[in-house]
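Coordinate analysis (summary)
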Amino acid sequence: MSLTPWVAFVSACDQGTLGAAARELGYTQSAVSRQIASLEHELGVALLERRPRGVRPTAAGAAALAHARLLVAEAERARRAAHQPGPGRHFAVGSVPSMAIALLPTALRASGDVVSWALVTGLTPTLVERVAAHELDLAVVTDAPPGLPDIAGVSFTHLLYDPMAVLVATHAARPGGLRLEDLADAVWLEDNAGSRTLLQQTAARQGLSLDIELVGGDLMTKVALVAAGHGVAFIPSSLGGALRPDVQIVPLDDAPVRGIYAATRTRDDATDGLLESLRAAARSIETSLGPDSH
């Protein structure tokens with residue numbers, strides 16, 4: 001059984017359309033369609049439901065998808081290992097965007113067992129699912145809403161506590177900390193539903209209702225919008241030394257504190273080495289944040 005049809009199937013499920021899968025893989029759309037059709041013929045079941053606006057897995061396809069992800073991921077790891085023989089190994093690492101900036105660069109540099117790595121960013125639920133499917137060796141995630149998923153086989157190692165703060169344009173910053181009520185009339189910019197929920201929960205506990213706009217893009221888009229004066233944002237304190245000079249992180253009184261964790265499924269000496277490097281980098285961040293970070 002060829003690997004290519006499985007790659008096409010996984011890509012179609014992830015992308016939602018055959019056309020998008022074709023662009024990701026560098027094939028024509030008809031080639032992707034033929035590969036998936038050949039797989040369905042070989043298995044004797046329909047894997048995809050073709051709809052006018054895209055595709056989605058059938059019940060059989062959904063049942064096969066986790067195994068297909070594992071198959072494709074392990075084949076890619078085998079390919080990389082064959083091209084990088086010797087001590088150490090390749091790591092597939094995932095991270096929430098803030099920790100990809102604040103934590104992982106230092107940790108990966110300090111881990112001698114990680115000779116090469118691929119880093120992908122995402123939100124906690126998706127990253128933990130990818131750890132469970134063996135697509136990622138490790139993922140750095142957070143317990144902020146919607147929280148840590150309970151998935152069999154995945155364990156979580158606590159790394160640090162990370163208080164939330166306010167991101168403002170540098171020209172609008174003032175000395176000292178802020179209270180949320182000081183910004184009750186501000187426009188708040190958020191880049192994902194989890195961050196918005198955490199801000200809403202914090203405001204509700206203080207009897208406040210905030211004007212929160214869920215903007216498209218990602219963390220750095222949110223930062224750019226704040227810099228341009230479109231509003232303020234809820235942001236982790238750990239990013240304090242890693243952002244552009246035209247924005248400033250200001251401490252927030254009574255701010256919620258999110259926990260940062262490493263999600264793993266299997267452990268070996270190399271994974272334990274990377275975890276220790278993550279713990280060391282996390283200790284450095286907590287020291288810079290001060291005792292109130294707990």
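Everything below is about the structure printed above this text.
Of regular secondary structure, the protein chain possesses 10 helices and 11 strands. In terms of its C-alpha atoms, the protein chain occupies a principal-axis envelope of roughly 65 × 50 × 35 Å. A buried classification covers 46% of the 294 residues belonging to the protein chain. Counted over contacts in the protein chain with a minimum sequence separation of 6, partners at least 24 positions apart contribute 72%.

Moving on to the packing of aromatic side chains. Within the structure shown, the criterion is met by two aromatic pairs. A centroid spacing of 6.2 Å and a plane angle of 85 degrees characterise the contact between W188 and F234, whose relative ring orientation is edge-to-face. Taken together, the residues span a long stretch of sequence, with W188 in strand β7 (residues 187–190) and F234 in strand β9 (residues 233–236) at a distance of 46 residues. Neither W188 nor F234 differs from the other in exposure class; each is buried.

Take the packing of helix α2 (residues 18–25) against helix α3 (residues 29–43) next. Running from N to C, α2 and α3 point in directions that differ by 105 degrees, and their axes come no closer than 8 Å. Relative to α3, the element α2 lies roughly perpendicular. Residue-level inspection shows L18, G19, A21 and A22 of α2 in contact with α3, the latter providing Q29, V32, S33 and I36. Partitioning the contact of α2 with α3 into residue classes produces five nonpolar, three polar and no charged.

Definitions and limits used
Residues numbered from 1 in each chain as written. Predicted model: local features only at pLDDT ≥ 70, side-chain atom pairs only at ≥ 80, totals over all residues. Heavy atoms only, no water. Helix = DSSP H or I, 4+ residues; strand = E, 2+ residues; numbered from the N terminus. Buried < 20%, exposed > 50% of the residue type's maximum accessible area, 1.4 Å probe, protein only. Contact = heavy atoms within 4.5 Å. Phe/Tyr/Trp six-rings, centres within 6.5 Å; stacked < 30°, edge-to-face > 60°. Axes fitted to C-alpha atoms, helices over the stretch in contact; angles between N-to-C directions. Parallel < 35°, antiparallel > 145°, perpendicular 65-115°, else oblique. Nonpolar A, V, L, I, M, F, W, Y, C, P; charged D, E, K, R; others polar.

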